[in-house]
Each structure stands twice: as C-alpha cells, then as structure tokens.
Amino acid sequence: MLKLLKQSPLSARIGMGIVLLNCLVAVFAPLIAPFGETKVVGDVWESFSPQFYLGTDHIGRDLFTRMVYGARNTIALAFITTILSFLFGSLLGFIAAAKGGWTDQLLSRVIDILMAFPTLIFALMILSVLGSSIPTLIFTIAILDSTRVYRLSRAVAMDIEVMEFVEAARLRGEGLWWIISHEILPNALPPLIAEFGLRFCFVFLFIASLSFLGLGLQPPLADWGGMVRENAGAITFGIYIPLIPAGAIAFLTVGVNLVVDWFLHLSSGLHE
Amino acid sequence: MKNVLMLILKRGGASLITVFIISLIIFIGVEMLPGDVAETVLGQSATPETVEAFRRELKLDLPPHVRYVAWLNDFVHGHFGNSLANGRPVAELISQRLANTLFLASTTAIIAVPLAIFLGMLAAFYRNTFFDKLISTTTLSFISFPEFFIAYILISLFSVQLNIFPSLSIIEENMAFGSRLYTILLPALTLTCVVTAHMMRQTRAAIINVLASAYIEMAEIKGIKRSRIIMLHAFPNSLSPVINVIAVNLAYLVVGVVIVEVVFVYPGLGQLLVDSVSKRDLPVVQASGLIFSIAYIFLNMAADILAMLSNPKLRQSKN
C-alpha cells in the first residue's frame, strides 16, 4: 500500500492532498472555525481582513467560518448519500446477477424507466411533493443515483457469476446470500471503489446544485451551494464572494476526479 | 430496410411506454400528498364547505383512475389546469417560457455543436501534443465544475470587469431578435462550456478509436495527408458515436438550462419549475416536469435511432 502511494503520479498526489485537506477541515470544523456557524459578527459583505479571513456574507456572518462548517455539512451529506446509494444499487445489482431470470428482468426494466427520467427534474418533483428535509433529500438522491450503481454492479457481477468458483459454491449448496457476500462482493470491489469516487462527485455536485436552487439544505445551516445562492447578489457590486464557495465545490470535485483517474488507470492494468 | 423500420418502431414504442409510465408516476406522486391539494391550498382556516366545493372544482371527489385519464386527456390537449399560486391557466404561464427556454437551448446548440466537433477533430489530429493536453485539461475541469461556478466566472469577467454583457438576462416580449441574442449570450456561453466539454472529449475518443483501424493505416501508407485522413476517412466512420453524443448532450442541455436560468434570472421554463417547487404549486410542477421529461426522453430516442441509422452494425445485432 505504501509502495503504491510512493509510485503515485503527481496529479494523484495533488488530488489526495485536496481530498485529505477537505476531510480534515470537515472533521475538525468546530476547532478551526473562529466564530459560531450562524453567528452574526460584522457588517454585510465586509472585505478580507485579519479578523475575517474571507470577509463576511450577506447578513454579516464570518465567511471563513461558514466555509468550514459548509465543508462539514456538504461533504457529510454527500458521503452518506453515496454510501446509501451504493448499498441499494450494488445489493440489487448483485441479486439481479445472481438470481437471473424474471427477477433480473423486472429490476432492470424498473431501473431503465428511472434512468430515462432526467435526474434533476425527478428530484425537483419529489421535493415539491414531500417538501425539502434532510432525510427526504438523502433518500431521493440515493435512490436516483443507485440506478447507475445498479447498472455497473450488475454488469460486474454478471462476469463473476459465470466463473467456476461460483458454480462450485452453487454445487456445494450455498445460498444466495452466501454467494453474494463471499464470492461476488470481494471480486467486484475494485471497480466499485473507483465508481464510488465518481458517484461521490456526482452526488456532491447534485446536492450543491439543489442547494443553489434553494431546495437542498435549508438555512441557517451552512452549505456551499446555498452560500453561493445567498451571496449571489454581491457579484453585481463587483464583490466576488459567491466565487469562493463555488470555487471550493469545483476544487474538491477536481481533487476527487484526479484520484479516481489514477485508480482507474491502476485497475485497467495500463502500467507505464 | 424493413428491418430498420421495425427497430425504429420498437425504439419509439419503448419511449412512448416510458412517457406513459412517467406521466403515471407524476400523477401518483401528487396523489401521495398528505391530505390533499384542496386542504393544502386553502389552509387550516377553511370551512369544510369551501374545502368540499374546491375539491369538486378540482375534481378530487372522483376516483383516481378516472382523474388520471381526465388529466392525461387534458394534458394532451394542452389544458394543464390553473396555477395554485395565482390562479392563472398553467398553459398560459408555460407557453412563453417554453419558447424562451427553447431559444436559449437552440442558440447554445448552434454554437456548441460545430465548436465541439471542430475542437475534437483538432485534438485528435494533434493528439498527445501540448495542444491536445491543453484542450483535454480545460474540458476536464469544465466537466468537474458546477454550472453556476462557470456562470459566475463569466459574469465577473464579462459583466463586472469588462462590462460588455448584462449579468441578468431579462427578456421582454417585444424585444428585437438581435437584442434578445445579445441578452442571452452569457447564459448560452455558460451552457456551451459545459456541453462542449463532453461532446469534444467523446468526438476525440471516437476519432482516435477509428484511427487505430487497418484502413487508416492503409491510407497512411498510400501517402495521403493526415488532415485529409481525419476529415475524409476517420470522421465519416466515427459519425455514429459522434451523432449519438451530440443528441445525448442536447438532451442534457434541456435539463442543464434549469440552473443557468436561475443564475441569470432568465424567464424560462426551468426557472418557473424551480419557483413552483418552492411554492409547491403542483399543477405547474406537473406540467413543466412532464414537458422536460418528454423532451429528454425523445432526444435520447433520437440519439439511439440516429446511431442505428448511421451504423450498419447496430441495425443487425439486435435481431
């Protein structure tokens, strides 16, 4: 593992640095932030100063503090959603591959229909019916995103399912769960881990977009997409505050993408 | 030929079924609301009589399947009901905004498609050079950026620093075509950045894929110029994936307009949808959501059919 890290290309190291930095900030948010998350401490849209490193936002809260807490809320939300999406998606994908027959047909057709629907529009419609709350947000996005995970894990599991060791396990009389957890899952992990990074990026951008539209995390909770929205008016006065949270979103996505690229490169076997 | 027609019909039928199921999902979604629309709209202070009367007006007293058929019938005939927020007919709200959205999307397409194909060919021609890497890195970062980030960068560049384009795209009814185009140039540019990145990368990949085949090597050995090989030998044969990519990206464009419209306060269908979602104005959400989905599904269908027509291999493999 360490040897692998030493051989990693510069781009992957930059990516890992970015991801690590963001995670540290997210975990230690209360220690890093100089003020409280929702505390009004200054004037509206003050510029950079030693007291407010990044200035203040549209109602006078410290932007640096909001950014730090925003990292925590946004990343945690995206992370939980991606994990849920992988739980749903890969479980259904493995079941479809291992059982085959009409189970596979039924699941695949339902997923096809869900995928034919534009994701953002679907999410907007669900949120309009159920209202926007954190659990609704997480479940809606996780279910929509799990369709992509399903496709990949079904395809991967299909390849594994025809191997001799699976057949041997079947002949031994092992049950469906045993085959999924002991034979398919360990062999399907490498491609799924790379996919996890990609899906995380997608979910992260998706939540940021929803928050930007005012339908994601609700104020006064800090999150990066919502902060862009709240401070959007500043840009017409020549104050570049909305670019800071928007830039942070872009920065983290690029970081994750760099790491994923390296991962895909490794698992595709194209060494040197 | 008959075979191709059958495949197209099959694909079209599948899309129609999808649209039907989606309309069903949209309808059931609204049905699942706790309480019903009448109570939600009138609030707690309403007397049972007014709720009852309003329910009858919305035809909520009929069984669900009857209402679904009536709703679908109305939808097909362009009667979308009245907005809950201001009582105006939804069709009236939507028609102008749909036209605006289509105007923005088609302007973007007219800029983005030729640009993406041109850049893709250039990148394939100069592959593995500095120029290629530059284009690849730029497009890769555009893919990872959220749309609103690109939008705000463009705003701060072109409207705050240089002051040549307006930062808000406000369209009035009797604006001349030229000034309309001028107003929407910044949102169109934002969308172009996002869409071009995808299209260009896939065009490049498709051409490079073809460049590896034997007949290209043959052409090279014959001593044909490289630019000619790319234009006349490689590009026509990579047309099928490229057309597919273009259509898929146009479908994406239809949905991508939502965020850009909100950034630039452009009076399009996407903004109406977002506004109605936060107001929970369900008839408007239903109608605009269904319109977006139909556009998306049919563009994807067009992608598949065009790919099938331009690639003889796909015509046969399915039977």
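Residues numbered from 1 in each chain as written. Chains lettered and ligands numbered in written order. Predicted model: local features only at pLDDT ≥ 70, side-chain atom pairs only at ≥ 80, totals over all residues.

**Q** Any chance you could explain the overall build of chain A here in plain terms?
**A** The number of helices and strands found in chain A is eleven helices and zero strands. Of the regular secondary structure in chain A, the N- to C-terminal order runs α-α-α-α-α-α-α-α-α-α-α. Expressed along its principal axes, the backbone C-alpha trace of chain A runs to roughly 75 × 50 × 30 Å. The buried share of chain A, reckoned over its 272 residues, is 45%. Taking the contacts inside chain A whose residues are at least 6 apart along the sequence as the reference set, 67% of them involve residues at least 24 apart. (Helix = DSSP H or I, 4+ residues; strand = E, 2+ residues; numbered from the N terminus. Buried ≥ 20, exposed ≤ 12 C-beta atoms within 10 Å, placed from the backbone. Contact = placed C-beta atoms within 7 Å.)

**Q** Is there a simple way to think about the packing of helix 4 (residues 63-99) of chain A against helix 9 (residues 176-212) of chain A in this case?
**A** Helix packing geometry: the angle between the two helix axes and the distance between the axes. Residue and element names in this part refer to chain A. Look at helix 4 against helix 9: their axes get within 7 Å of each other, and the N-to-C directions meet at 140°. In terms of crossing hand, the pair formed by helix 4 and helix 9 is right-handed. Note on element contacts: helix 9 touches helix 4 through Leu176, Ile179, Ile180, Ile184, Leu192, Phe196, Arg199, Phe200, Val203, Phe204, Ile207 and Ala208, opposite Thr74, Leu77, Ala78, Phe79, Thr81, Thr82, Ser85, Phe86, Ser90, Phe94, Ala98 and Lys99. Grouping the amino acids of the contact of helix 4 with helix 9 by side-chain chemistry returns 17 nonpolar, five polar and two charged. (Axes fitted to C-alpha atoms, helices over the stretch in contact; angles between N-to-C directions. Left-handed = near helix turned anticlockwise from the far one by under 90°. Nonpolar A, V, L, I, M, F, W, Y, C, P; charged D, E, K, R; others polar.)

**Q** Honestly, the interface of chain A and chain B in this entry has me stumped. Any pointers?
**A** A common way to report how large an interface is uses the accessible area buried once the components associate. Contact residues are listed per partner, giving 34 residues for chain A and 36 residues for chain B. Breaking the side of chain A that touches chain B down by element, the ones donating at least two residues are helix 5 (101-116), helix 6 (119-130), helix 9 and helix 11 (243-267) of chain A.

**Q** What should I look at first to understand the nonpolar core in this one?
**A** In this structure, Ala123, Leu124, Phe204 and Ile207 of chain A together with Phe148 of chain B are the most contacted members of the largest nonpolar core, which totals 149 residues. With residues up to four places along the chain from it excluded, the contact list for leucine 124 of chain A reads Leu215 of chain A together with Leu273, Val274, Val277 and Gly289 of chain B. (Core = buried A, V, L, I, M, F, W, Y, C linked by C-beta atoms within 7 Å.)

**Q** It is not clear to me how the environment of leucine 250 of chain B should be interpreted in this structure. Could you clarify?
**A** All names here are of chain B. Tracing the sequence through the fold places leucine 250 in helix 12 (residues 239-263). Assessed through the 23 C-beta atoms surrounding it within 10 Å, leucine 250 is described here as buried. The spatial distance from the C-alpha of leucine 250 to the C-alpha of asparagine 300 is 8.7 Å, given a sequence separation of 50 residues. Apart from residues no more than four positions distant in its own chain, leucine 250 is found in contact with Ala109 and Leu299.

**Q** Would you mind going over helix 9 (residues 185-211) of chain B with me for this structure?
**A** Residue pairs spaced three or four apart in an α-helix point in one direction, given the helix's 3.6 residues per turn. All names here are of chain B. Taking 1.5 Å per residue, 27 residues should reach 39 Å; helix 9 reaches 36 Å between its end C-alpha atoms and fits that length. Along helix 9, the largest kink reaches about 30° and is centred on threonine 196. Counting buried positions along helix 9 yields 21 of 27 residues, so the element is predominantly enclosed. (Expected span 1.5 Å × (residues − 1). Bend = angle between axes of the 7 residues up to and from the residue.)

**Q** Would you explain the packing of helix 9 of chain B against helix 11 (residues 226-237) of chain B in this entry?
**A** Residue and element names in this part refer to chain B. The interhelical angle for the contact between helix 9 and helix 11, taken along N-to-C directions, is 110°, at an axis separation of 8 Å. Viewed along their axes, helix 9 and helix 11 adopt a mutual orientation that is roughly perpendicular. In this structure, helix 9 contributes Ile207, Val210 and Leu211 to the contact, and helix 11 contributes Ile230, Ala234, Phe235 and Asn237. For the contact of helix 9 with helix 11, a count of residues per class yields six nonpolar, one polar and no charged. (Parallel < 35°, antiparallel > 145°, perpendicular 65-115°, else oblique.)

**Q** For this particular structure, what's the right way to read the confidence of the model for chain B?
**A** If pLDDT is low for a region, its predicted coordinates should not be looked at in detail. Averaged over every residue, the pLDDT of chain B is 80; residues scoring 70 or more account for 90%. Of the two predicted TM-score estimates for the complex, the pTM is 0.83 and the ipTM is 0.80. (pLDDT = per-residue confidence, 0-100.)

**Q** I keep staring at helix 7 (residues 147-161) of chain B and nothing clicks. Help me out?
**A** Residue and element names in this part refer to chain B. Its 15 residues give helix 7 an end-to-end C-alpha distance of 20 Å, which sits within 8% of 21 Å, the value for a rise of 1.5 Å per residue. Of all the bends in helix 7, the greatest, near 30°, is centred on isoleucine 155. Regarding helix 7, the residues found buried are Glu147, Phe148, Phe149, Ile150, Ala151, Tyr152, Leu154 and Ile155. Backbone geometry just after helix 7 places asparagine 163 at a positive phi near 55°.

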